[in-house]
Amino acid sequence: FAGATNGSNPYGSLFYDGNFLYGMTYQGGSNNLGTIFRIKPDGTGDTTLLNFSGAANGQYPNGNSLISDGTFFYGMTYMGGTNRKGLVFKIKHDGTGYAKLLDFAGATNGSNPQGTFIFDGSFLYGTTISGGANNKGVIFKIKPDGTGDTTLLNFAGAANGQSPFGDLVSDGIFLYGTTSMGGTSTNCSSGCGTIFKIKPDGTGFSKLMDFAGTANGRAPFCSLIFGGPFL
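What you see is a predicted model; the values in this text were computed from it and never measured.

(A) Molecular detail of the state of the cysteines. With the rule as written, the count across this model stands at 1 disulfide. In this model, C188 is linked to C192 through a disulfide, with the two sulfur atoms separated by 1.9 Å. One disulfide, between C188 and C192, carries an S-S torsion of 95° and so falls in the right-handed class. A residue is classified by how much of its surface remains accessible, and C192, at 1% relative accessible area, is buried.

Next up, the structure:
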């Protein structure tokens, strides 16, 4: 990576469609606000599909990876958009068809998304690390056409966690995730973080564990992996 010409500071994983590897850089590109790129597995065909530019199409894409429904990629930017609080976007594999699906606005629907979407065929599910009713982050869902934006949970701190950084995972019934702060432990100034589950319709929330520091860790920034009976 070289900065202005093809991006800098890539974050997250690559997506492979059988022909190209696709990824994002947090900075660089023509506006130094990040890029979407693709490259062949043999190192040829490097192409910048999008230069992020701020208000118009977002800046600082910070998710782990793009996800695809076979036609469009879907992703989020940490900042940019109309309110400078991040946005949801889609773009075709050839770099055409970019559309901004949602501007995050803070208290009403969250701000500063972090992580990668999970898609169940009907809705995209994601989280933000701040914003929402308590400015501690939210869980939300949105349809691939940009309609149906719904806040499923407002994080509140001790009761249910704060500032989720990792991706959500699903067992087909519940979505599971972690928060980097919040929970009931007093061993950390803002709580040491939690593990939680919630149904895709926003019901059935349950806090599964409070991190406590020395005893079992603190501040998880990772995503869970589901392997049968255990997360």
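There is more to say, and it comes next.
(B) How the structure looks around the environment of Q59. Within the secondary structure layout, Q59 lies in strand β6 (residues 59-61). According to the relative accessible area criterion, Q59 is buried, its value standing at 14%. Taking the C-alpha atoms as reference, Q59 lies 24 Å from N134; in sequence the two are 75 residues apart.

(C) Focus on the packing of aromatic side chains. Tallied over the entire structure, the rule returns 17 aromatic pairs. Arranged with centres 6.3 Å apart and planes meeting at 55°, the rings of F123 and Y125 form a pair that is tilted. Here a set of aromatic residues connected by ring pairs shows up, and it is made of F15, F20, Y22 and F73. Positioned over the ring face of F123 is K141, at 4.3 Å from the centre of the ring.

(D) Molecular detail of the pairing of strand β10 (residues 99-103). In this sheet, β10 lies alongside strand β9 (residues 87-92) in antiparallel orientation, the contact comprising 4 bridges. Bridge assignment links V88 to a residue of β10, and that residue is L102. Adjacent in sequence and paired antiparallel, β9 and β10 are bridged by 6 residues, among which G95 carries a positive phi angle near 90°.

(E) Main features of empty space enclosed by the protein. The tally for this structure, following the rule as stated, stands at 1 cavity of 30 Å³ or more. Of the voids in this model, the largest cavity is the one considered here, and its volume is about 30 Å³. The wall of the largest cavity is formed by G63, S65, Y74, G75, M76, G115, T116 and F117. Of the residues contributing to the lining of the largest cavity, the split by class is 3 nonpolar, 5 polar and no charged.

(F) Expanded view of the pairing of strand β8 (residues 72-79). Of all 8 residues making up β8, 7 are buried, and the element is well covered by its neighbours. Inspection of the sheet shows β6 paired to β8 by 2 bridges, in the antiparallel sense. Residue pairing for β8: Q59 is matched across the bridge by M79. As judged from the 2 bridges shared by strand β7 (residues 67-68) and β8, these two strands associate in the antiparallel manner. Note that in β8 the partner of I67 across the bridge is Y74. A loop of 3 residues connects β7 with β8, the two strands running antiparallel in sequence, and G70 in this loop sits at a positive phi of about 100°. Two elements, β8 and β9, share 6 bridges in a ladder whose sense is antiparallel. Note that in β9 the partner of F72 across the bridge is K92.

(G) The arrangement of the nonpolar core in detail. If you look at the biggest cluster of nonpolar residues, it comprises 18 residues, and the most contacted ones within it are Y22, I36, F52, L66, F89 and I91. Contributions of two or more residues to this core are made by β3 (21-27), β5 (47-51), β8 and β9. Discounting residues that sit within four places of it in the chain, L66 has contacts with F15, Y22, M24, I36, F73, Y74, G75 and F89.

(H) Summary view of a nonpolar patch on the surface. Together, L208, F226 and L231 make up an exposed nonpolar region whose accessible area comes to about 250 Å². Relative to the helices and strands, L208 resides in strand β19 (residues 206-210). Given the relative accessible area of 42%, L208 is considered partly exposed.

Cut-offs used in this document
Residues numbered from 1 in each chain as written. Predicted model: local features only at pLDDT ≥ 70, side-chain atom pairs only at ≥ 80, totals over all residues. Heavy atoms only, no water. Disulfide = S-S within 2.5 Å. Buried < 20%, exposed > 50% of the residue type's maximum accessible area, 1.4 Å probe, protein only. Helix = DSSP H or I, 4+ residues; strand = E, 2+ residues; numbered from the N terminus. Phe/Tyr/Trp six-rings, centres within 6.5 Å; stacked < 30°, edge-to-face > 60°. Lys NZ or Arg CZ within 6 Å of the ring centre and 35° of its normal. Pairing = 2+ DSSP bridges. 1 Å grid on protein atoms, 1.4 Å probe; cavity = no way out; pocket = protein on both sides within 12 Å on 5 of 7 lines; lining within 4 Å. Points joined across faces, edges and corners; volume = space filled by probe spheres on them. Nonpolar A, V, L, I, M, F, W, Y, C, P; charged D, E, K, R; others polar. Core = buried A, V, L, I, M, F, W, Y, C linked by side-chain atoms within 4.5 Å. Contact = heavy atoms within 4.5 Å. Patch = residues over 30% accessible without salt bridge, like charges linked within 9 Å, V, L, I, M, F, W, Y side chains within 5 Å. Areas by Shrake-Rupley, 256 points an atom, 1.4 Å probe, with all protein chains shown as cover. Salt bridge = Lys/Arg side-chain N within 4 Å of Asp/Glu carboxyl O.

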